[in-house]
Amino acid sequence: MARERKFSTEELFQYTKQLLLEHGYEGFTFSLLAERLEISRGAIYKYFENKEELITDFMLFEMKYFLAELKEIAELNDFDRQFEFLFELIFRNREIHQLIEIGRQIPSSLNEKVRNNTQNLEKMHLEMYSYMQNFVTLGKGENKLKPHIPDVLVLGIIFQTIAIPNHFGIPQDLWVQSIKEIISHGMFTNK
């Protein structure tokens, strides 16, 4: 019998991410992943009982890296610098929003590992929003954000901008700069 090809966690998670973004939660299978990794499905089952264990492990991995980067926002002491940092971060990690949505489809009642991973993901999601809330609070404190607009709406609009499709292939720098301009100054000319 031939020896199974070895694969790293990074390689496993890289292909897991690609397949989730291509096929979504429902379309993701160990068969597709094994094919990409050029291994047998059994090699994956040695480590994960089901796809939900793998996906939630992968999600924890992704969120840890994203949160490590997001924590740096607290070191910036003014809203304008935090705003620039946040936009650069979310557009560099634009898949995180889509992955969070995929993660919400995972039934957490499958087994204890999935349940624990799902609970940890929820804690990380709340931690992410606490950094974001601090950003909004700073903006309102510096009179950069209108105080009557609900905080969750401000955050929602910022995070939803990464989902706007760029159908006409506008260069990424111009695309991001234009979105920042619309958010910070509106799109109407002053008349």
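This structure is a prediction, so every number in the text was calculated from the model and none was measured.

Undergrad: Would you mind going over the nonpolar core with me for this structure?
TA: Across soluble globular proteins, you tend to see nonpolar side chains buried next to one another. In terms of nonpolar packing, the biggest core is built from 56 residues, with F28, L33, L54, L70, L86, F91 and F135 touching the most fellow members. When neighbours within four sequence positions are excluded, L86 is seen to be in contact with L70, I73, M132, F135 and I158.

Undergrad: Sorry, what's going on with the packing of helix α1 (residues 9-27) against helix α6 (residues 95-103) here?
TA: When two helices pack together, their arrangement is given by the angle between the helix axes and by the axis-to-axis distance. Where α1 meets α6, the closest approach of the two axes is 11 Å, and the angle between their N-to-C directions is 60°. Here α6 runs oblique to α1, going by the angle between their axes. Considering the relative orientation of α1 and α6, their crossing is left-handed. Contact residues: α1 offers K17, L20, L21, G24 and Y25, while α6 offers E95, Q98, L99 and I102. Here the residues of the contact of α1 with α6 are counted per class, giving 5 nonpolar, 2 polar and 2 charged.

Undergrad: Got a minute to help me understand a nonpolar patch on the surface in this structure?
TA: Residues F168, I170 and L174 make up a contiguous nonpolar surface patch of about 350 Å² in total accessible area. Assignment of secondary structure puts L174 in helix α9 (residues 172-185). Owing to a relative accessible area of 49%, L174 belongs among the partly exposed residues under this scheme.

Undergrad: Would you explain the pattern of salt bridges in this entry?
TA: The final tally for this structure, using the stated rule, is 11 salt bridges. Salt-bridge contacts for K17 lead to E62; the nearest nitrogen and oxygen are separated by 3.4 Å. Of the two residues, K17 sits in helix α1 while E62 sits in helix α4 (residues 51-70), which places them 45 residues apart along the sequence. On the basis of relative accessible area, E62 is assigned to the buried category, the value being 17%. Here E95 makes a salt bridge to K17, at a shortest N to O gap of 3.8 Å. Residue E95 is found in helix α6, and its partner K17 is found in helix α1; the two are separated by 78 residues along the sequence. Given a relative accessible area of 27%, E95 falls into the partly exposed group. Each member of the salt-bridge network shares a partner with another, and the members are K17, E62 and E95.

Undergrad: Sorry, what's going on with the environment of L155 here?
TA: Relative to the helices and strands, L155 resides in helix α8 (residues 151-160). For L155, a relative accessible area of 3% corresponds to the buried category. For the pair L155 and L174, spaced 19 residues apart in sequence, the C-alpha separation works out to 22 Å. Excluding residues that lie within four positions of it along the chain, L155 makes contacts with Y129, M132, Q133, F135 and V136.

Undergrad: How do you make sense of helix α5 (residues 79-92) when you look at a structure like this?
TA: Since one α-helical turn is 3.6 residues long, residues separated by three or four positions face the same way. A rise of 1.5 Å per residue sets the reference length of α5, with its 14 residues, at 20 Å; its end C-alpha atoms lie 20 Å apart and thus fit the reference within 8%. Inspection of α5 places F79, Q82, F83, F85, L86, F87, L89, I90 and F91 among the buried residues, and these make up the whole buried set. Buried residues along α5 sit against α4, α7 (112-141), α8 and α9. Between the side-chain oxygen of the N-cap and the backbone nitrogen of D80 there are 3.2 Å, and the N-cap of α5 in question is D78.

Undergrad: So what exactly am I meant to see when it comes to the layout of surface pockets here?
TA: To find leftover empty space, a probe the size of one water molecule is rolled over the atoms. The calculated volume of the largest pocket comes to roughly 570 Å³. Every residue lining the largest pocket is counted, 18 residues in all, and those nearest its centre are K144, L145, I183, S184 and H185. Put simply, the parts of the chain that give the lining of the largest pocket at least two residues each are α5, α8 and α9. Taken together, the residues of the lining of the largest pocket break down into 11 nonpolar, 3 polar and 4 charged. Forming the boundary of the second largest pocket are 15 residues, of which I100, G103, R104, L121 and E122 lie nearest the centre. Looking at the lining of the second largest pocket, the elements with two or more residues in it are α4, α6 and α7. When grouped by side-chain class, the residues that make up the lining of the second largest pocket number 7 nonpolar, 5 polar and 3 charged.

Procedures and definitions
- Counting starts from 1 at the beginning of each chain's written sequence and moves along it residue by residue.
- Totals for whole chains, interfaces and linings use every residue, but because this is a predicted model, local features are given only for residues with pLDDT of at least 70 and side-chain atom pairs only at 80 or more, for both listing and counting.
- Side-chain metrics in this entry use all non-hydrogen atoms of the structure; hydrogen atoms and water are not considered.
- Grouping buried Ala, Val, Leu, Ile, Met, Phe, Trp, Tyr and Cys residues that are joined through side-chain atoms within 4.5 Å yields what is termed a nonpolar core.
- Buried means the residue's accessible area, taken with a 1.4 Å probe over protein chains only, is under 20% of the maximum for its type, while exposed means over 50%, and partly exposed covers the values in between.
- By the convention used here, residues are in contact when the closest approach between their heavy atoms is within 4.5 Å.
- The convention used is that axes are lines fitted to C-alpha atoms, helices contributing only their stretch in contact, and that angles between N-to-C directions extend from 0 to 180 degrees.
- In DSSP terms, a helix is any run of H or I states spanning at least four residues, a strand is any run of E spanning at least two, and both are numbered starting from the N terminus.
- Our angle categories are set so that under 35 degrees counts as roughly parallel, over 145 as roughly antiparallel, 65 to 115 as roughly perpendicular, and the remainder as oblique.
- Put simply, a crossing is left-handed when the front helix is turned counterclockwise from the back one by less than a right angle, and right-handed when it is turned clockwise.
- Lys, Arg, Asp and Glu make up the charged group, whereas Ala, Val, Leu, Ile, Met, Phe, Trp, Tyr, Cys and Pro make up the nonpolar group; the residues left over, Gly among them, are polar.
- Patches here are clusters of residues that have more than 30% relative accessible area and form no salt bridge, with a 9 Å joining cutoff for like charges and a 5 Å cutoff for nonpolar side chains (Val, Leu, Ile, Met, Phe, Trp, Tyr).
- Shrake-Rupley sampling with a 1.4 Å probe provides the accessible areas, and residues are treated as covered by the protein chains on show and by no other component.
- Just to be clear on terms, a salt bridge is a Lys or Arg side-chain nitrogen sitting within 4 Å of an Asp or Glu carboxyl oxygen.
- Expected span, for any helix, means 1.5 Å times one less than how many residues it has.
- Nitrogen and oxygen atoms within 3.5 Å of one another constitute a polar contact, given that in protein one can donate a hydrogen and the other can accept it, and given that sequence-neighbouring residues count only through two side-chain atoms.
- Whether a set of points on the 1 Å grid over the protein atoms alone is a cavity depends on a 1.4 Å probe fitting there but being unable to get out, while an open set qualifies as a pocket with protein on both sides within 12 Å along at least five of seven lines; lining residues are those with an atom within 4 Å of a point.
- Grid points are joined across faces, edges and corners, and a volume is the space filled by probe spheres set on the points.

The quantities given are spatial measurements derived from coordinates; they are silent on function.
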